[in-house]
Amino acid sequence: NNIACTPYDISQKAKDIEALFERNAHMNETHLIHDEMHELEDDLLTLNSNISVYSAVEQINVIQVTQSPASLMDRWRTLQGSINEIIQSLQKTFRLPKNTYAIAIDDSKIQRKLLGKFFDFLNIPPENCTIVGDGYSEINGFVDM
């Protein structure tokens, strides 16, 4: 798990590649795009997920041998769509681990109530949640918990 990449890593790499296209690197500096694509492929293959990434990897392999700037741009747009689908799918299925604990300190009763609802929305069991802040003693007493 230590070498696994995250959806954020994939998204960031896609932004880096898009920036290269925006500065027209596909016209004269295709090697920069190919280098980034190689890193994106590695990231996809180490993605800690059960979602298939092989279609995107195949698209990257095709891009790696593409020389025409117009074709490179078209193939990037297709790959970009595939990457967005992978990221959206991962976001839809994301769940916090069952052993997640939540701690919140706020002196506002309304905010504490909202924090409780937020933790509930995240499916953190109430016994794993600590929300304090009702007065000086509760805030200072938090150190003793």
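Residues numbered from 1 in each chain as written. Predicted model: local features only at pLDDT ≥ 70, side-chain atom pairs only at ≥ 80, totals over all residues. Heavy atoms only, no water.

### Observations regarding the overall build of the chain
Scanning the chain from N- to C-terminus turns up seven helices and two strands. When the helices and strands of the chain are read in sequence order from the N terminus, they spell out α-α-α-α-α-β-α-β-α. The globule rule puts the C-alpha radius of gyration for 145 residues at 15 Å, and the 22 Å found for the chain is more than 25% above it. Along the first, second and third principal axes, the C-alpha set of the chain runs to 70 × 30 × 25 Å. With 145 residues in all, the chain has 31% of them scored as buried. Here the contacts in the chain between residues at least 6 apart in sequence split such that 58% fall between residues at least 24 apart. Put simply, the chain shows about 9,700 Å² of open surface, and 52% of that area lies on carbon and sulfur atoms. A gap of 9 Å separates the mean positions of the 12 positive and 21 negative side-chain charges of the chain. (Helix = DSSP H or I, 4+ residues; strand = E, 2+ residues; numbered from the N terminus. Rg over C-alpha atoms; globule rule 2.2 N^0.38 Å. Buried < 20%, exposed > 50% of the residue type's maximum accessible area, 1.4 Å probe, protein only. Contact = heavy atoms within 4.5 Å. Areas by Shrake-Rupley, 256 points an atom, 1.4 Å probe, with all protein chains shown as cover. Lys, Arg positive; Asp, Glu negative; His and termini not counted. Charge placed at Lys NZ, Arg CZ, Asp CG, Glu CD.)

### Side note on the packing of aromatic side chains
Following the criterion strictly, the structure yields two aromatic pairs and no others. Between the aromatic rings of Phe 21 and Trp 76, the centroid separation amounts to 5.7 Å while the plane-to-plane angle is 5°, which identifies the pairing as stacked. Of this pair, Phe 21 sits in helix H1 (residues 7-22) while Trp 76 sits in helix H5 (residues 69-93), and the two are 55 residues apart along the sequence. Judged by its relative accessible area of 3%, Phe 21 falls in the buried class. Where Phe 118 meets Phe 119, the ring centres are 6.1 Å apart and the plane angle is 50°; that geometry is what we call tilted. The class for Phe 118 is partly exposed, based on a relative accessible area of 45%. The exposure class of Phe 119 is buried, given its relative accessible area of 7%. (Phe/Tyr/Trp six-rings, centres within 6.5 Å; stacked < 30°, edge-to-face > 60°.)

### Observations concerning helix H3 (residues 30-45)
Helix length check: H3, at 16 residues, gives a terminal C-alpha distance of 22 Å against a target of 22 Å (1.5 Å per residue), a fit within 8%. Every buried residue of H3 is listed here: Thr 30, Ile 33, His 34, Glu 36, Met 37, Leu 40, Glu 41, Asp 43 and Leu 44. Where the residues of H3 are buried, they touch H1, helix H2 (25-28), helix H4 (54-64) and H5. (Expected span 1.5 Å × (residues − 1).)

Everything listed here is a matter of geometry and, on its own, says nothing about what the molecule does.
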